[in-house]
Amino acid sequence: MEPIDIGLWVSGGMLVMVVLGMRVAFAAAMAGLVGLIWIFWAKKGMQWSELDWALTVAIKTAGQVPHSKVASQTLSLIPTFILIGFLAYYAGLTRALFEAAKRWIAWVPGGLAVSTVFATAGFAAVSGASVATAAVFARIAIPEMLKIGYNKQFAAGVVAAGGTLASLIPPSAILVIYAIIVEQDVGKLLLAGFIPGAFSAFIYAVLIVGIAVIFKSVGPPVTGFTWRERFASLPAALPILAVVVIIIFFVYNPFGDAWGTPTEGGAVGAFIVFLMALFRGMRWAELKDALLETAKLTVMIFTIIWGVLVYVRFLGFADLPGAFSDWITSIEASPMLILVCILLAYAVLGMFMDAIGMLLLTLPVVYPAVMALNGGEYVTAADSAFGMDGTSCAIWFGILVVKMAEFCLITPPIGLNCFVVAGVRDDISVQDVFRGVMPFFIADGVTIALLVAFPAIVLYLPSLAG
């Protein structure tokens, strides 16, 4: 049996395991190990006497993956970004951010929901985890919205959808993972996420205002705040802005050289938020909770990475990425049409897999195919299919695919943010949350279409960094 045939059979088996409910990390690791054994055994003619040799070589090959691939300084960004989010919550910065947004924006139709979206966007700028963002604002924003008569399904949907912004707005754990998998510059990818993330928040806000204008009972405005009260709310929220500026300057300094690396920026940001939390009276129990939650989420992400990288090592031996690239480029259709079909396939796949696992499993195969569609990694803009060079295409596709991962966080039946919101609020079922997020599918569709049609939205800031 040829390696490519083994690759197809093993990949199909892995997808079956995932659909049946096995965790992505374990399904990928098991498929990768079995696939390696099968390939090495096939090289020896499938002789039973050689099975022990194939097993030994496969285990050694798979065993090298966790340390060789994960012992990377870049990956240390993930726990620091996650820690910033949890420390910001215990420092009270999230409630201060929400209060400031409410006083300044809540007067518009659906204003409290719009305030929630912009507050989640602000919190996303210091948190790398969508799940944490959804959980925090389910506790803070939903009670406020229900108190003034918001529809509970709509209120829950706003929080679940707003939480997805943390996937795109830096610091983003998913963007870091993408950068590592495709071997691209982390700093440029983080920069590329700012404008699309803010743009997504704006589209959400426009949608909410439109719904509130048409259905006046959905989200009544909140009035009565004086200008003095509005300005008084700003100092408590300014630390969020300070951390964002520090992280940006460690990635890109418009006035000179960057202050350091993204990893150093994440560490400095976490330390500053830690000092703010201490100043605001954070106790040992709260610090312990923040550290434990950070450790739990980090271990979950790293376990998925380890398992998937074993599978990726197997894919290399099976040459499945190369075969898929050759097949994609042989299709007689517009490269842009093929790209759209790939994004639609992500939307379907996201119904059955979590966002991080989906990206880790598919990128080793899909990314080389997209680069081949554009003309290769070293193609110039003049000779490319999408009108951009190889590096720009990698960044642009990264933002598109992470935006699709955002979309998958709220799509049934797996939509993780929806389950998180329902888990925090006993009075709201997961079915209520899924009904509440349905209008945001339209907003995400519009955003993705505009990012595809106008790549400059994504590429403007990275182009400044050179």
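Just so it is clear, the model here is predicted, and its values are computed rather than measured.

### Thoughts on helix α18 (residues 355–374)
(1) Moving on: In this model, α18 (20 residues) spans only 25 Å end to end at C-alpha, well below the 28 Å of a helix rising 1.5 Å per residue.
(2) Moving on: The largest bend in α18 comes to about 60°, at Leu 363, with the proline Pro 364 one to four residues further on.
(3) Moving on: Within α18, 18 of the 20 residues are buried, which leaves the element mostly enclosed by the surrounding structure.
(4) Moving on: Trailing α18 by a residue or two, Gly 375 shows a phi angle of about 120°, which is positive.

### Focus on the nonpolar core
(1) Moving on: Among the nonpolar cores identified, the biggest contains 175 residues, and Ile 78, Tyr 346 and Phe 397 are the most heavily contacted of them.
(2) Moving on: When residues of this core are assigned to domains, at least three map to each of domain 1 (1–71) and domain 2 (74–297).
(3) Moving on: Those residues in contact with Tyr 346 that lie beyond four places of it in its chain are Met 358, Leu 359, Thr 362, Leu 363, Val 366, Phe 397, Val 401, Met 404 and Cys 408.

### What to know about the packing of helix α11 (residues 186–214) against helix α21 (residues 430–453)
Think of two packed helices as two axes; the pair is described by the angle between the axes and how far apart they sit.
(1) Moving on: It is the contact of α11 with α21, at a shortest axis distance of 9 Å, that shows an interaxial angle of 140°. Relative to α21, α11 is oriented oblique. Here α11 runs over α21; the crossing is right-handed. Where α11 approaches α21, its residues Pro 196, Phe 199, Ser 200, Ile 203, Tyr 204, Leu 207, Ile 208 and Ile 211 are matched on the opposing element by Pro 439, Phe 440, Ala 443, Asp 444, Thr 447, Leu 450 and Leu 451.

### A short note on the pattern of salt bridges
(1) Moving on: Within this structure, the stated rule accounts for nine salt bridges.
(2) Moving on: Taking the shortest distance from any N to any O, the salt bridge between Glu 99 and Arg 103 comes out at 2.9 Å. Here Arg 103 and Glu 99 lie together in helix α6 (residues 93–105), a separation of four residues that amounts to about one turn.
(3) Moving on: Asp 444 is paired through a salt bridge with Lys 403; the nearest N and O atoms lie 3.0 Å apart. Of this pair, Asp 444 sits in helix α21 while Lys 403 sits in helix α19 (residues 390–408), and the two are 41 residues apart along the sequence. Like Lys 403, Asp 444 is buried.
(4) Moving on: Ionic contacts of the salt-bridge type, sharing partners, join the residues Glu 99, Lys 102, Arg 103 and Glu 144 into one network.

### A short note on helix α8 (residues 130–147)
(1) Moving on: Across its 18 residues, α8 extends 25 Å between first and last C-alpha, which sits within 8% of the 26 Å expected from 1.5 Å per residue.
(2) Moving on: For α8, the principal kink sits at Ala 138 and spans about 40°.
(3) Moving on: Positive backbone phi, approximately 100°, marks Gly 149, located one or two places after α8.

### Some words on the environment of Ala 106
(1) Moving on: Here Ala 106 shows up in the loop between α6 and α7 (111–124).
(2) Moving on: Excluding anything up to four places from it in sequence, Ala 106 contacts Ala 101, Gly 111, Leu 112, Ser 115, Pro 221 and Val 222.

### Some words on the packing of aromatic side chains
(1) Moving on: In the structure shown here, the tally under the stated rule is 16 aromatic pairs.
(2) Moving on: Aromatic pair Trp 104 and Phe 231: ring centres 5.1 Å apart, planes at 90°, arrangement edge-to-face. Of this pair, Trp 104 sits in helix α6 while Phe 231 is found in helix α12 (residues 227–232), placing the two residues 127 residues apart along the sequence.
(3) Moving on: According to the relative accessible area criterion, Trp 104 is partly exposed, its value standing at 26%.
(4) Moving on: For Phe 231, a relative accessible area of 48% corresponds to the partly exposed category.
(5) Moving on: Summarising the aromatic geometry, the rings of Tyr 204 and Phe 440 are spaced 5.2 Å apart at their centres and angled 85° between planes, so their arrangement reads as edge-to-face. Remark: Phe 440 occurs in helix α21 and Tyr 204 occurs in helix α11; sequence separation between them is 236 residues.
(6) Moving on: Tyr 204 sits in the buried class, given a relative accessible area of 0%.
(7) Moving on: Using a relative accessible area of 0% as the deciding quantity, one classes Phe 440 as buried.
(8) Moving on: One aromatic cluster in this structure is built from Phe 40, Trp 53 and Phe 317.
(9) Moving on: A cation sits over an aromatic face here: Lys 44 above Trp 53, 4.7 Å from the ring centre.

### Considering the confidence of the model for the protein chain
(1) Moving on: Residues at a pLDDT of 70 or more form 97% of the protein chain, whose mean pLDDT is 84.
(2) Moving on: Of all secondary-structure elements in the protein chain, the lowest mean pLDDT belongs to helix α4 (residues 65–70), at 70, while α21 reaches the highest, 91.

### Some thoughts on the packing of helix α10 (residues 173–182) against α19
(1) Moving on: Where α10 meets α19, the closest approach of the two axes is 10 Å, and the angle between their N-to-C directions is 135°. Put simply, α10 runs oblique to α19. In the crossing of α10 with α19, the sense of the turn from one axis to the other is right-handed. Listed contacts from α19 to Ile 174, Leu 175 and Tyr 178 of α10 are Ala 394, Phe 397, Gly 398, Ile 399, Val 401, Val 402 and Ala 405.
(2) Moving on: Per-class residue counts for the contact of α10 with α19 are nine nonpolar, one polar and no charged.

What counts, and where the lines are drawn
Residues numbered from 1 in each chain as written. Predicted model: local features only at pLDDT ≥ 70, side-chain atom pairs only at ≥ 80, totals over all residues. Heavy atoms only, no water. Helix = DSSP H or I, 4+ residues; strand = E, 2+ residues; numbered from the N terminus. Expected span 1.5 Å × (residues − 1). Bend = angle between axes of the 7 residues up to and from the residue. Buried < 20%, exposed > 50% of the residue type's maximum accessible area, 1.4 Å probe, protein only. Core = buried A, V, L, I, M, F, W, Y, C linked by side-chain atoms within 4.5 Å. Domains from an automatic or database assignment. Contact = heavy atoms within 4.5 Å. Axes fitted to C-alpha atoms, helices over the stretch in contact; angles between N-to-C directions. Parallel < 35°, antiparallel > 145°, perpendicular 65-115°, else oblique. Left-handed = near helix turned anticlockwise from the far one by under 90°. Salt bridge = Lys/Arg side-chain N within 4 Å of Asp/Glu carboxyl O. Phe/Tyr/Trp six-rings, centres within 6.5 Å; stacked < 30°, edge-to-face > 60°. Lys NZ or Arg CZ within 6 Å of the ring centre and 35° of its normal. pLDDT = per-residue confidence, 0-100. Nonpolar A, V, L, I, M, F, W, Y, C, P; charged D, E, K, R; others polar.

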